[in-house]
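This is what each chain is made of:
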Amino acid sequence: MGRDKFARQSLGPSLHSHIKQARVLMVGAGGIGCELLKNLALTGFGNIHIVDLDTIDLSNLNRQFLFRHEHIKKSKSLVAKESAGKFNPHVNIEAHHANIKDPQFNIDWFQSFAIVFNALDNLDARRHVNKMCLAADVPLIESGTTGFNGQVQVIKKGRTECYDCNIKETPKSFPVCTIRSTPSQPIHCIVWAKSYLFTEIFGISEDEAPELDHTESSENAEEIENLRKEAQALKNIRKSMGLEEFPKKVFEKVFKEDIDRLLSMKDMWANRRAPEPLEWEKLTQEALGVGPTVAQQDQSVWTTSENFVVFCDSLRRLSNRLEELRANANVGNAPPVLSFDKDDVDTLDFVAAAANLRSYIFGIETRSKFDIKQMAGNIIPAIATTNAMTAGLCVLQAFKVMKDEYDKAKMIFLARSVDRVISSEPLHPPKPECPVCSVAQTKLEVDTSRATLKDLVENFLKLELGYGEEFSVSTDAGILYDPELDDNLPKKFSEVGIKGDSFITVIDEEDDNPRVNLVLSIAEKPISEGDKVINLPTKLEIPRKPKADVAATNGNGITATNGVQDSLSDGFKRKREAEDLSNEDVQRRKMAKVAEGGPSKVPAPVDDVIVLDDDGSAGHIIIDDD
């Protein structure tokens, strides 16, 4: 009892006992997660589960204090369990090196927890946990940080806004035509150096790089064809790798010949600054006396001649590495390639120098190697103090949740300000238009081996629940049924990709007084012959959609979602715009139809690139702390 004496005195016997018996889930073991796990263990939470699919990287060590150099490449969740257990050996910690979206983490599993903490680093996973907590009716403490800014949000079904009540910024990808022909920001040149030039020379031609949008629109099609031609030319140049003239061939190809080709398209430069090709001989003379050690000056912005020297030197270093790998490769295996790593000096030097040379050609501001590492590595500087403060606030809010004092819980914001560091506002009720939390939800028992989509549409939705003719049925994979798409009705659930723990969304599309969206979570259950193959275990009432009420709600604070603040304004003001989410229904109808034999594939959203360029100078790729 000696260890618990002061915690018991501070929290009170009732809350302290509740905490010791509580089973809690923490999703994510990165910057916030390490601090949060330490806090949970020291507070005395009795049973903590951690889920994280990531492994420890060198760049994590400056702020994720549960990890050490010897832990690199090991599972974050497993190492975090081992390290945090030393703070309090009386706490039971269970680690799961897995994706929170894996099927074993179903609704029943979520329901076994008293509270869930989100310490995640991407939008898709956050939305998934939000949806699962709503379906399981488990309170969620959502958190995020971006540099000096942070946010903690309490989410409870039916009582507060959920994570999707406010629209989050859609991550951005870059069209090929911008990256290849008309860059205007440093990030465009960095993406070109990292995802195009580096992979074409030292890797496999990467036409599907996630940062590049290869959609063959009329605007993009011609440039994509040029890209293919240039890729073939670079493949031919690769044959001279290891020879003395190799750096010159690469340089003249990408910084002279390709730029001359762009200049020949005179209409392209009628209203914008034309690029200026670089000359090998001229830069060779200017670089006399500049040594490759300039690459060690990572905080300085290199001159053009310094970038030239680093480019040539890193090209030779990487060529020698690749040649050595090829010489030692086993016959018959796939040829070895190099991949970009922000912590690999050779690859970072190459990308930094190549990006800066291209920036110089297009009249774009050049950046230091330190800045380029942040941008090319999809990170911004993570502030350990912000993570620690955010994690502490998560636990303080959890106390209020566990006492069922939601009226005392707050939406809390951190920001670097001359006036205040911490700001808060009361929790807001759910938005009636939210397609995620302002819906009717229930569990549906289904014999998926026998049930067909017709059983769901005709016998259950129409006959039992009273739906009319105008409604649609969809899953995460796409739309399964609407009045104009009835091809799937004869198919069994298994044929259209519906199984246990799947979610089905029914959208009432009647013009007059439609119902709110209905979300059905599927529970597989063998049902005897002669009985209904679809059974609703509990009584269900589906309310009608509220009349549209466009009104803005204002509050104080700063929102950090997906590691990115929704807005920064004077005096911690958070702009809450009234959003009409009815177009969510339209988006569902635009999802790919289910093909024969299973659901069609819908392109995954790009979660790894977000660009802030509010003042024309930022241009950072931002990803929440990993």
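Higher on the page you've got the structure.
On a predicted model such as this, the values are computed, not experimentally measured, just so you know.

Draft legend 1. Main features of helix H10 (residues 246-263). Under the 1.5 Å per step criterion, the end-to-end length of H10 is 25 Å for 18 residues, consistent within 8% with the ideal 26 Å. The largest bend along H10 reaches roughly 35 degrees and is located at Lys-253. For H10, the full list of buried residues reads Phe-246, Pro-247, Val-250, Phe-251, Lys-253, Val-254, Phe-255, Asp-258, Ile-259 and Leu-262.

Draft legend 2. Spotlight on unusual backbone geometry. One non-glycine residue, Asp-404, lies in the positive phi region at around 60 degrees. Among the structural elements, Asp-404 can be located in the loop between helix H15 (384-402) and strand E9 (410-414). Residue Asp-404 is classed as partly exposed on the basis of its relative accessible area, which comes to 48%. Look at Asp-501: it is not a glycine, yet its phi comes out positive at around 70 degrees. Position of Asp-501 among the secondary structure elements: in the loop between strand E13 (478-481) and strand E14 (503-508).

Draft legend 3. Inspection of the pattern of salt bridges at higher detail. Taken as a whole, this structure holds 30 salt bridges when the rule is applied. For Arg-126, the salt bridge identified is with Glu-142, shortest N-O distance 2.6 Å. Residue Arg-126 is found in helix H6 (residues 123-136), and its partner Glu-142 is found in strand E5 (residues 140-146); the two are separated by 16 residues along the sequence. Of the two residues, Arg-126 and Glu-142, neither departs from the other in class, the shared state being buried. Of the charged contacts in the structure, one is a salt bridge between Lys-256 and Asp-260, with a shortest N-O distance of 2.6 Å. One end of the pair, Lys-256, and the other, Asp-260, are both in helix H10, four residues apart, so they sit about a helical turn from each other. Here the residues in one salt-bridge network are Asp-313, Arg-317, Arg-321, Asp-344, Asp-346, Asp-349 and Lys-369, joined through shared partners.

Draft legend 4. Main features of the packing of aromatic side chains. This structure, assessed with the given rule, holds 20 aromatic pairs. Relative to Phe-202, the ring of Phe-198 has its centre 5.4 Å away and its plane inclined at 50 degrees; by these criteria the two rings are tilted. Here Phe-198 pairs with Phe-202, and both are found in helix H8 (residues 186-202), just four residues apart, close to one helical turn. Phe-202 gets classed as buried once you look at its relative accessible area, which sits at 0%. Seen in terms of ring centroids, Phe-202 and Phe-350 are 5.7 Å apart; in terms of plane orientation they differ by 85 degrees. Their pairing is edge-to-face. In this pair, Phe-202 is assigned in helix H8 and Phe-350 in helix H13 (residues 345-361), connecting sequence segments 148 residues apart. Here the aromatic cluster, defined as three or more aromatic residues joined through ring pairs, consists of Trp-192, Tyr-196, Phe-198, Phe-202, Phe-251, Phe-255, Trp-280, Phe-308, Phe-311, Phe-340 and Phe-350. In this arrangement the basic side chain of Arg-23 is found over the ring face of Phe-113, its NZ or CZ atom lying 4.5 Å from the centre.

Draft legend 5. View of a nonpolar patch on the surface. Taken together, the side chains of Met-389, Val-421 and Ile-422 present a nonpolar region at the surface, about 220 Å² in accessible area. Position of Val-421 among the secondary structure elements: in the loop between E9 and strand E10 (422-426).

The rules behind each value
- Residues numbered from 1 in each chain as written.
- Predicted model: local features only at pLDDT ≥ 70, side-chain atom pairs only at ≥ 80, totals over all residues.
- Heavy atoms only, no water.
- Helix = DSSP H or I, 4+ residues; strand = E, 2+ residues; numbered from the N terminus.
- Expected span 1.5 Å × (residues − 1).
- Bend = angle between axes of the 7 residues up to and from the residue.
- Buried < 20%, exposed > 50% of the residue type's maximum accessible area, 1.4 Å probe, protein only.
- Salt bridge = Lys/Arg side-chain N within 4 Å of Asp/Glu carboxyl O.
- Phe/Tyr/Trp six-rings, centres within 6.5 Å; stacked < 30°, edge-to-face > 60°.
- Lys NZ or Arg CZ within 6 Å of the ring centre and 35° of its normal.
- Patch = residues over 30% accessible without salt bridge, like charges linked within 9 Å, V, L, I, M, F, W, Y side chains within 5 Å.
- Areas by Shrake-Rupley, 256 points an atom, 1.4 Å probe, with all protein chains shown as cover.

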